[in-house]
Amino acid sequence: MSYNPWVWFAAFLTLCTFSFLWRDNPFYKFAEHLFVGVSVGYTISILYHNSFMPRVWEPIVTNHQYYVLLPTLLGLLAFAIFFKKISWLIRYPIAFIMGSTCGISIPRSFEGYIFKHTQSTITAISPGLPPFLLISNIIMVIGVITTLLYFYFSLEHKGVMGKVANVGIWYIMLAFGASFGYTVMARVSLLIGRLQFLLHDWLGVIK
Amino acid sequence: MKRQIPLIIAFICGIGMIIQFFIPHPVSQKTYEEVLHWQIIVGIFMMIIAVRSLCVVHIDKIRRKKEGWGYSFITLFALAFTAFVGIAFGMGEEFLISDLYQYIMVPMQSTMFSLLAFYMASAAYRAFKARTAQATLLLVVALVVMFGRVPVGERLVPWLPRVIEWILMYPNMAAQRGILLGVGLGMIATSLKIILGIERGYLGGG
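Bear in mind that the values here come from a model prediction, so they are computed numbers and not experimental data. (Residues numbered from 1 in each chain as written. Chains lettered and ligands numbered in written order. Predicted model: local features only at pLDDT ≥ 70, side-chain atom pairs only at ≥ 80, totals over all residues.)

Before going further, it helps to spend a moment on the overall build of chain A. Scanning chain A for helices and strands turns up six helices and zero strands. Counting from the amino terminus, helix and strand elements in chain A follow one another as α-α-α-α-α-α. Counting only C-alpha atoms, chain A reaches 65 × 60 × 40 Å along its principal axes. Per-residue burial over chain A gives 32% buried out of 207 residues. Within chain A, residue pairs in contact and separated by at least 24 positions form 21% of the contacts whose partners lie at least 6 positions apart. (Helix = DSSP H or I, 4+ residues; strand = E, 2+ residues; numbered from the N terminus. Buried ≥ 20, exposed ≤ 12 C-beta atoms within 10 Å, placed from the backbone. Contact = placed C-beta atoms within 7 Å.)

This part is about the overall build of chain B. Along the backbone of chain B there are eight helices and zero strands. For chain B, the α and β elements follow one another from N to C terminus as α-α-α-α-α-α-α-α. What you see for chain B is a C-alpha radius of gyration of 25 Å, clearly larger than the 17 Å of a compact globule of 206 residues, by over 25%. Judged by the C-alpha coordinates and their principal axes, chain B covers about 65 × 50 × 40 Å. Across the 206 residues that make up chain B, the buried fraction comes to 26%. A sequence separation of at least 24 residues applies to 18% of the contacts in chain B between residues at least 6 apart. (Rg over C-alpha atoms; globule rule 2.2 N^0.38 Å.)

In the contact formed by helix 4 (residues 91-122) of chain A and helix 8 (residues 171-195) of chain B, the axes pass within 8 Å of each other and the chain directions differ by 155°. Taken together, the axes of helix 4 of chain A and helix 8 of chain B lie roughly antiparallel to each other. Considering how the two elements wind past one another, helix 4 of chain A and helix 8 of chain B form a crossing that is left-handed. Between helix 4 of chain A, through A:Met98, A:Gly99, A:Cys102, A:Gly103, A:Ser105, A:Ile106, A:Ser109, A:Phe110, A:Tyr113, A:Ile114, A:His117 and A:Thr121, and helix 8 of chain B, the contact on the second element is made entirely by B:Arg177, B:Leu180, B:Leu181, B:Val183, B:Gly184, B:Met187, B:Ile188, B:Ser191, B:Leu192, B:Ile194 and B:Ile195. Tallied by class, residues from the contact of helix 4 of chain A with helix 8 of chain B come to 14 nonpolar, eight polar and one charged. (Axes fitted to C-alpha atoms, helices over the stretch in contact; angles between N-to-C directions. Parallel < 35°, antiparallel > 145°, perpendicular 65-115°, else oblique. Left-handed = near helix turned anticlockwise from the far one by under 90°. Nonpolar A, V, L, I, M, F, W, Y, C, P; charged D, E, K, R; others polar.)

The next subject is the interface of chain A and chain B. Across the contact, 93 residues belong to chain A and 97 residues belong to chain B. Listing elements by their share of the side of chain A that touches chain B, those giving two or more residues are helix 1 (5-18), helix 2 (26-62), helix 3 (69-76), helix 4, helix 5 (131-150) and helix 6 (159-202) of chain A. Broken down by element, the side of chain A that touches chain B gets its largest block of residues, 23 residues, from helix 6 of chain A.

Quick look at the environment of A:Tyr182 now. Residues and elements named next belong to chain A. With respect to the element layout, tyrosine 182 can be found in helix 6. Its 15 C-beta neighbours within 10 Å are what place tyrosine 182 among the partly exposed residues. In this structure the C-alpha to C-alpha distance between tyrosine 182 and leucine 149, which are 33 residues apart in sequence, comes to 26 Å.

Of all hydrophobic cores here, the largest spans 28 residues; its most connected members are A:Ile172, A:Leu174, A:Ala175, B:Val141, B:Ala174 and B:Ala175. Here this core gets 10 residues from one element, more than from any other, and that element is helix 6 of chain A. Those residues in contact with A:Ala175 that sit more than four places away from it in its chain are B:Asn172, B:Ala175 and B:Gln176. (Core = buried A, V, L, I, M, F, W, Y, C linked by C-beta atoms within 7 Å.)

The phi torsion at A:His64 lies on the positive side, around 55°, for a residue other than glycine. Here A:His64 is to be found in the loop between helix 2 and helix 3. Unusually for a residue other than glycine, B:Lys65 sits at a positive phi of about 50°. Among the structural elements, B:Lys65 can be located in the loop between helix 2 (26-63) and helix 3 (69-89).

This part covers the packing of helix 6 of chain A against helix 8 of chain B. Where helix 6 of chain A contacts helix 8 of chain B, the two axes come as close as 8 Å, and the packing angle between them is 105°. Relative to helix 8 of chain B, the element helix 6 of chain A is oriented roughly perpendicular. Two secondary-structure elements touch here, helix 6 of chain A through A:Tyr171, A:Ile172, A:Leu174, A:Ala175 and A:Ala178 and helix 8 of chain B through B:Pro171, B:Asn172, B:Ala174, B:Ala175 and B:Gln176. Here the residues of the contact of helix 6 of chain A with helix 8 of chain B sort into eight nonpolar, two polar and no charged.

What follows concerns the environment of A:Leu13. Locating A:Leu13 in the fold gives a position in helix 1. Here the alpha-carbon distance between A:Leu13 and A:Val167, two residues 154 residues apart in the chain, equals 47 Å. Residue contacts for A:Leu13: discarding those within four places in its chain leaves A:Ala31, B:Ile104, B:Pro107 and B:Met108.

Between its terminal C-alpha atoms helix 8 of chain B stretches 36 Å, which fits the 36 Å expected from 25 residues at 1.5 Å a residue. B:Gly197 lies just past helix 8 of chain B and shows a positive phi near 80°. (Expected span 1.5 Å × (residues − 1).)

Bringing the domain arrangement of chain A into the picture now. Residue and element names in this part refer to chain A. Once the domains are mapped, chain A shows domain 1 (1-64) and domain 2 (130-207). Summarising the inter-unit geometry, the C-alpha centres of domain 1 and domain 2 are found 33 Å apart. Domain 1 puts five residues into the contact, and the matching count from domain 2 is seven residues. Considering only residue class, the side of domain 1 that touches domain 2 consists of three nonpolar, two polar and no charged. (Domains from an automatic or database assignment.)

In this model, helix 1 (residues 4-21) of chain B (18 residues) spans 26 Å end to end at C-alpha, consistent with the 26 Å of a helix rising 1.5 Å per residue. Turning to helix 1 of chain B, its buried residues are B:Pro6, B:Ile9, B:Ala10, B:Cys13, B:Gly14, B:Met17 and B:Gln20. Across the axial projection of helix 1 of chain B, the buried residues extend over an arc of 130°, all falling on one side. Where helix 1 of chain B is buried, its residues meet helix 4 of chain A together with helix 2 and helix 8 of chain B. (Arc of directions from axis to C-beta.)

In structure tokens:
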């Protein structure tokens, strides 16, 4: 059995959280609220040490790089929300974040999502492939097309379109099944980890 | 002033970042890095607003003595204590904040997620009860994937891992690609709407 008070506290919180399986209760609520508080407090600390100090405080105060005042002032406009008359000023930093993020994401979405997947699908069927691989790739290409058509709502899913979309559903359900299986395995693996913590690290009943 | 300037800012920043992507020049790269730097700085202040909102909600709950107001004390105390410990004493394995992370955040996070194992099992039961061919396919594939990925499954049915590999590599990949292409197109369309000022929800009312 562990003599570390932190391990005892972690075990107590683990049991508090598991108690939710019975029903919502004060122990679970205690653990939940503590978790929220500690997580936000931890995020504040990370932000302070990894972002505020090296990117705002040190450049301005220590290194006298006064151009950093520009993004700082833009960020400070966010506090306008506390004053009703000028609360609309918060739109400036939000517009900057939204506009630049969207601008950054457009070419990268083309590159990462559209071109990459389209290229891999088109080049999958090429002459000279072994028969089994060729059939498998044809099955994959049919799957990509039918899945895309299932999400195409400008045409009513009737007749040929309905049949094609239905094939897409089968592919999608198969993919969801695989993802579901992997997710369950990941969660069960976490559960085993927690049980190992309770039985090994805390109680020491298993080696 | 109130709506037009933010729209212009979003337009200029958006178009600027799209153009920047296609210019392979050190100045362009520097601009990209600088914009990311600015985003982080602005993000710090946005985070302060978010923390303030959380505190306001809990302080209001305590002040009005709403149901479960006592738990709000725990949240506020834990937040203030952790932030103080992190800021005043520093981050690192030798500091108290590391214990808070290791013995509160890590066990709680993994326990919360492990709870989902039980709820997923009940969701699977409900899916099976739906008794449609497609729901059955979902469940069968999930079971096959789970069974084939553990040592006992491989020992009992030696060819099962190869079947799973094929399922993941071809039909599963096909649907994932279809979905990801849709996600990509959706992201591009939404981003364009924001840059061109068609989508203005982020400006709020007023």
